[in-house]
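What follows is each chain in one-letter form.
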Amino acid sequence: MVTKMVRKLSEHTNLGLLAVTVGLFTVMSIGYSHFFTLYNMEVIAMGFIQEAIMALGMTIVIISGGIDLSIGSVLVLSSILVGLFLKADLGVALSIFLTLCISGSIGFANAVMINRLRAHPFIVTLGTMTAVRGFALVITEGHPVTGFPKSFSYFGQGYLLNIPFPVVLFIILAIVFHILLRHTKYFSQVYFIGSNPGAARLCGMNVERFRWMTYIISATLAGTAGIITASQYISANASFGIDAELRVITAVIIGGASLSGGIGSIGRTVLGVIFLAIVANAMVQAGVPTYWEKVAYGSMLVISVVLEQYFRFRRTGIKDNWRDFMLGGN
Amino acid sequence: MKGRAKSKLFSLVVSLVFTFMTLFSAASVYAEQTYGMVVFLKGSEFFNWSYGGMQDAAKLLGADIKTELRGPATWDASQEARAIEQLIAKGVDGIIVTAGDATTLNPAIDKAVAKGIPVITFDSDAPDSKRLSFAGTNNYEAGKVAGKAMVEWLNGEGEVGVSTFPGPNHLVERIRGFKDGLEGSNVKVVAECNDEGKVAAAEAAITAMLQAHPEIDAVFAAHGNPGPGAVAAVKNVGKEGEIEIMGFDFGMPVVEAIDKGQIRGTVGQNPYLMGYISMMMAWGANQETRVDGPHAPPSVNTGVRILTKDDIGVYKSPPAFVSGK
Amino acid sequence: MTDTKRSSQLVSAALQAREVQLLLLTLVVVLIISNLTPNFLTESNLKSVAMGMTYDLIVALGMTYVLILGGLDLSVGSNIALTGIITTLLMQKGVVSVPVAIGIGLSVSFIIGAINGVVIAKFRINPFIVTLGMMSLARGGAMVLTSGYFVTGLPESFLMIGRGEIMGIPFPVIAALLIVIVFDFLLKNWVHLNRAFPVGADPDNAALLGINVNKTVVLGFALCGLFAGIAAIFMCSRLAMGYAQFGLEIELRALGAAVIGGATFSGGRGSIWGTFLGVLLLAIINNGFVLMDASIYWQKVVNGTILIIAIATAVRHSRIK
């Protein structure tokens, strides 16, 4: 019975990571009196909320065999735009709507360029990442955007049922995307397309059209994260979201998705996000010397993928083909 | 079966993580008070001076006072705010912070104050927050002092190129102050170049600026990094000794260049004193006193002066970095 | 008749070569900039452009090689920081002599690259992830070693490497050009390096042909690391310091330049001279930006746009082929 449960659980999540996360959580709760408090739980959740929201979109992109480096830049642009729209008295609803539209269209542009130019998503989104962040600098000339209406602060600072609104939003989004990926025909195509785009095309799936969808979702979620950041700090600054894409990708990969495409799930990503959020907090709680933080993140990423790959090999006895894991795979 | 092998290995990992954390934290469990410093750019020599000052003050105040340094490794205003929030959750007894972007940090600072944690800003202020006090040099004022010194160097007439990079508020303020300091003389800023905030990129950027404006008589390196790049750039255009260079802060490369006479002077703030005084004020706010009310001044000016070859000697040995106590 | 026809065919074939297109584009940019500002074509400006692009160039060569293999290396910038710091620390403390310190530094950079390669090849993990991890690790290592302090007080003989000149041309520029020429020649003619092309184009097929793919990949990444190490030595020497923040974002510039030069992410393609021209083009445009007093805020927008245009033109080129 237990083994059956374990097997069932392992379909939905990354058991090893779950064990480490629970272990870390327990150790921290016992060792540090300030760790297991309601307030700290909130700080843990809010301390990684931008990345968490963006990780949902990144999961879909990575399962589909792509990658989106432009999300950090979309985040900063959207936080600035929503600020400017609000200051132009467009009203909260319209400002958010416009910002999300513009964010989504950046994702659309990414997908169109990947499709049309037959270029690797890495290099295309690297281009948009640079250009969009540059654009954010051009608009603000380095000055922060401030002076938002009070009503706007709800999205980043408000509470729903005693839970911070961004966290509620994240939970809803995670459930929605989980259901979409697991239980709808259209979205579950992503696994097939990601593991073998050629075959998917032969089966009559419109891979190009599907790519529009994945990158629009990714960019729109980045836009959402930007709006929340702007609301959280009641200001927007051209420095927001630097290297956020790297943290997001780390969370998705530690969760157990594979950059070769076809592998990954919302559940695993959520776990990866929770793990990194706890680690970030644990390092401060435990007083890990500040300069060791980067070393720790780097080793966690490498160790987690090496272990993952080692067990996959042990389990199946099959090594990946070169084509499947080098970048040229797609 | 695979599950068993997996969990065996991961219990190993968990215990490793545990050892790792206990190793670093053995002291923290028993420490009675912890004070955190938050900077917007970790790994800057300038803030190491401040942290050194903070640690020296903490040592003076008692053996049971622990300090720690936090902040993002690349500048992101929202990441700095997060660092403050993590320290609040840890329950530190005081936070000393340099505000990379004041508006973004205000909510986090106010949250700390609401939790009863005294917050002192240093170097870059967050005047609209509920912070207890500010220790440092107003960046605008520092820029102004630099501007006035520049007028003196150039005998009231000449053209200046500025090396900076887009983004941080304190640089915007510094350069505004610098330009105001030139007011009333015939010295003016004719060009600004983007050194990307990097030591390595400064040389090419400043050389190009000196090319475009051969009339430039002096370079103002508006932050710590471009100073050595300006030295190399002046050499590139063959105008050593003709173009005056004013650096900012006293990072070792700038100190060495001043010692060799390649940079005429640098705008010396007092980061050590900033950290020292901030620590004193944060600690003081936690002490019982015989009167109620605020015991810290709204701000403390730690002064600024132009350091030249004659008085740079002290700065040749920055305080050794020790991560905590 | 046939002669003119053939020569026109030759000309059009030459025009289709990425390098020729790039060269023409670079010349056009040079013409435009030098017309707009008289300060471009001066000896000292050209010298500073050459000096400014040296580090990017050396790193981009290694990146091109890894791209040919079908991978990429995000850790080169951190490699520069860590290598530079180890080298300068050894010299500052006077532990070993200058040449030995440089030797140790270069070995470190080589080993960092080799570790990337081994993890990638042995565990078959995507190079993006492995080198992303190494990027954090090496940068973290550099920070732990220095706690953010500059490493200065280096011996004069070391500083001469970056500051010395032959006939008015700085050492690093000459060295970089030599490396480009030698590396281009070896890549085309030396079988051990040339293997990268079949491996990158189709690794499984290459394995069938009897090529040791594992070894080629490991050596390729190690080589990329070594190039980063060489750049680090020049950078530390020229700037007279080691610093944990050296090489930030250089991996992105190197990737951009290599792609502009004709390398692709699908592997098997890439050209050393193309990369050289890519680095040159970016350096000239950035230099023109400062010379013409364009707003510093626009620089990033332009760089991003160039990259996208480069990808677009690269595709047209491959379709013609």
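Residues numbered from 1 in each chain as written. Chains lettered and ligands numbered in written order. Predicted model: local features only at pLDDT ≥ 70, side-chain atom pairs only at ≥ 80, totals over all residues. Heavy atoms only, no water.

Enquirer: Lay out the overall build of chain B in plain terms, naming residues and giving numbers.
Expert: In terms of helices and strands, chain B carries 10 helices and 12 strands. Here chain B holds 325 residues, and the buried ones make up 60% of them. Long-range contacts, defined here as pairs at least 24 residues apart, represent 73% of the contacts in chain B between residues at least 6 apart. (Helix = DSSP H or I, 4+ residues; strand = E, 2+ residues; numbered from the N terminus. Buried < 20%, exposed > 50% of the residue type's maximum accessible area, 1.4 Å probe, protein only. Contact = heavy atoms within 4.5 Å.)

Enquirer: Please set out the interface of chain A and chain C residue by residue, giving values where relevant.
Expert: Contacts between chain A and chain C engage 49 residues on the former and 56 residues on the latter. Between chain A and chain C the total buried area reaches about 4700 Å² when both faces are included, carbon and sulfur atoms providing 78% of it. In this assembly, chain A and chain C are joined by 0 salt bridges. (Buried area = accessible area lost by both parts, 1.4 Å probe. Salt bridge = Lys/Arg side-chain N within 4 Å of Asp/Glu carboxyl O.)

Enquirer: Any chance you could break down the interface of chain A and chain B for me, citing the residues and the numbers?
Expert: Across the boundary between the two partners, chain A contributes 54 residues, which contact 49 residues of chain B. In this assembly, chain A packs against chain B so that about 4600 Å² is buried in total across both faces, 62% of it on carbon and sulfur atoms. The largest share of the area that chain A buries against chain B comes from Tyr39, Tyr233 and Tyr291 of chain A, three residues that together contribute 15% of it. One can count 3 salt bridges joining chain A with chain B. The salt bridge involving Lys42 of chain B is made with Glu293 of chain A; its shortest N-O contact spans 3.2 Å. There are 18 residue pairs in polar contact (both at pLDDT 80 or more) connecting chain A and chain B. Of all the elements in the fold, those that place two or more residues in the side of chain A that touches chain B are helix 2 (15–31), helix 3 (38–46), helix 4 (49–63), helix 12 (207–233), helix 14 (266–285) and helix 15 (293–316) of chain A. Examining the composition of the side of chain A that touches chain B, we find that 8 residues originate from one element, helix 2 of chain A, more than from any other. The class makeup of the residues in the side of chain A that touches chain B is 26 nonpolar, 21 polar and 7 charged. (Polar contact = N/O pair within 3.5 Å; in protein donor to acceptor, adjacent residues only side chain to side chain. Nonpolar A, V, L, I, M, F, W, Y, C, P; charged D, E, K, R; others polar.)

Enquirer: So what's going on with the domain arrangement of chain B? Which residues, and what values?
Expert: Residue and element names in this part refer to chain B. For chain B, the assigned domains are domain 1 (31–137 + 271–302) and domain 2 (139–268). Inter-centroid distance (C-alpha atoms) of domain 1 to domain 2 is 30 Å. With 10 residues of domain 1 in contact, the opposing surface of domain 2 contributes 10 residues. Buried area between domain 1 and domain 2, both sides added, is near 790 Å², and the carbon and sulfur share of it is 60%. (Domains from an automatic or database assignment.)

Enquirer: Give me the pairing of strand 5 (residues 133–136) of chain B: which residues, what numbers.
Expert: All names here are of chain B. Across the two faces of strand 5 the burial is the same, with Ser133 and Ala135 and Phe134 and Gly136 all buried. Both strand 4 (residues 119–122) and strand 5 contribute to a ladder of 3 bridges, which runs parallel. Its bridge partner lying in strand 5, Phe122 is registered against Ala135. As judged from the 3 bridges shared by strand 5 and strand 11 (residues 299–301), these two strands associate in the parallel manner. Across the sheet, Phe134 pairs through a bridge with Ser299, a residue of strand 11. (Pairing = 2+ DSSP bridges.)

Enquirer: Talk me through the confidence of the model for chain C; I want residue IDs and the actual numbers.
Expert: Averaged over every residue, the pLDDT of chain C is 87; the share at 70 or more is 95%. Here residues 317–321 of chain C is modelled with pLDDT under 50, and outside its nearest four sequence neighbours on either side it reaches 7 contacts, counting other chains as well. (pLDDT = per-residue confidence, 0-100.)

Enquirer: So what's going on with the packing of helix 3 of chain A against helix 14 of chain A? Which residues, and what values?
Expert: All names here are of chain A. Remark: helix 3 packs on helix 14, axes separated minimally by 8 Å, with the N-to-C direction vectors making an angle of 125°. Our classification of the angle between helix 3 and helix 14 gives oblique. Between helix 3 and helix 14 the crossing geometry is right-handed. From helix 3, Asn40, Val43 and Ile44 reach across to helix 14, where they touch Ala277, Ile278, Asn281 and Gln285. Split by residue class, the contact of helix 3 with helix 14 holds 4 nonpolar, 3 polar and no charged. (Axes fitted to C-alpha atoms, helices over the stretch in contact; angles between N-to-C directions. Parallel < 35°, antiparallel > 145°, perpendicular 65-115°, else oblique. Left-handed = near helix turned anticlockwise from the far one by under 90°.)

Enquirer: Please set out the sheet that holds strand 7 (residues 186–194) of chain B residue by residue, giving values where relevant.
Expert: Residues and elements named next belong to chain B. If you walk across this open sheet you meet the 6 strands as 7-6-8-9-10-12, and the pairing is mixed. The sheet is open, and its two borders are formed by strand 7 and strand 12 (305–308), each paired with just one other strand. Direction aside, neighbouring strands of the sheet carry axes that sit 25° apart on average. Judged from the 3 bridges that link them, strand 8 (residues 218–221) and strand 9 (residues 244–248) form a sheet pairing that is parallel. In the sheet register, Phe220 faces strand 9, and the bridge partner there is Met246. Contacting strand 6 (157–164), strand 7, strand 8 and strand 9, helix 6 (residues 169–182) crosses the sheet at an angle of about 160° to strand 7.

Enquirer: Could you give an account of the pattern of salt bridges, naming the residues involved and the relevant values?
Expert: Scanning all chains against the criterion turns up 20 salt bridges over all chains. A salt bridge links Glu165 of chain C to Lys47 of chain C; the nearest nitrogen and oxygen atoms lie 3.3 Å apart. With a gap of 118 residues between them, Glu165 of chain C in strand 1 (residues 165–166) and Lys47 of chain C in helix 3 (residues 43–68) connect regions that are remote in the sequence. Classification of Glu165 of chain C as partly exposed rests on a relative accessible area of 41%. In this structure Lys47 of chain C comes out as buried when scored by relative accessible area, which is 18%. What you see here is one network of salt bridges that share partners, running through Glu293 of chain A together with Lys42, Glu68, Arg70 and Lys90 of chain B.

Enquirer: Talk me through the packing of aromatic side chains; I want residue IDs and the actual numbers.
Expert: Residue and element names in this part refer to chain A. Inspection of the entire model under this criterion finds 28 aromatic pairs over all chains. Here the aromatic rings of Phe148 and Phe152 are separated by 5.7 Å at their centres, their planes lie at 80°, and the arrangement is edge-to-face. By relative accessible area, which is 0% here, Phe152 ends up buried. Between Tyr233 and Phe240, the ring centres sit 6.2 Å apart and the planes meet at 55°, which makes this aromatic pair tilted. For the pair shown, Tyr233 and Phe240 are each scored as buried. Taken together, the ring pairs connect Phe148, Phe152, Tyr154, Phe155 and Phe165 into an aromatic cluster. (Phe/Tyr/Trp six-rings, centres within 6.5 Å; stacked < 30°, edge-to-face > 60°.)

Enquirer: Account for helix 4 of chain A, naming residues and giving values.
Expert: All names here are of chain A. With 15 residues, helix 4 extends 21 Å from end C-alpha to end C-alpha; this agrees with the ideal 21 Å at 1.5 Å per step. Largest kink in helix 4: about 30°, centred on Ala55. Backbone geometry just after helix 4 places Gly65 at a positive phi near 95°. (Expected span 1.5 Å × (residues − 1). Bend = angle between axes of the 7 residues up to and from the residue.)

Enquirer: How would you summarise unusual backbone geometry if you had to cite specific residues and measurements?
Expert: Although it is not a glycine, Asp123 of chain B adopts a positive phi angle of roughly 60°. On the secondary structure map, Asp123 of chain B appears in the loop between strand 4 and strand 5. The residue Ala240 of chain C is not glycine, and still its phi comes out positive at about 60°. Among the residues examined, Ala240 of chain C registers a relative accessible area of 12% and is labelled buried.

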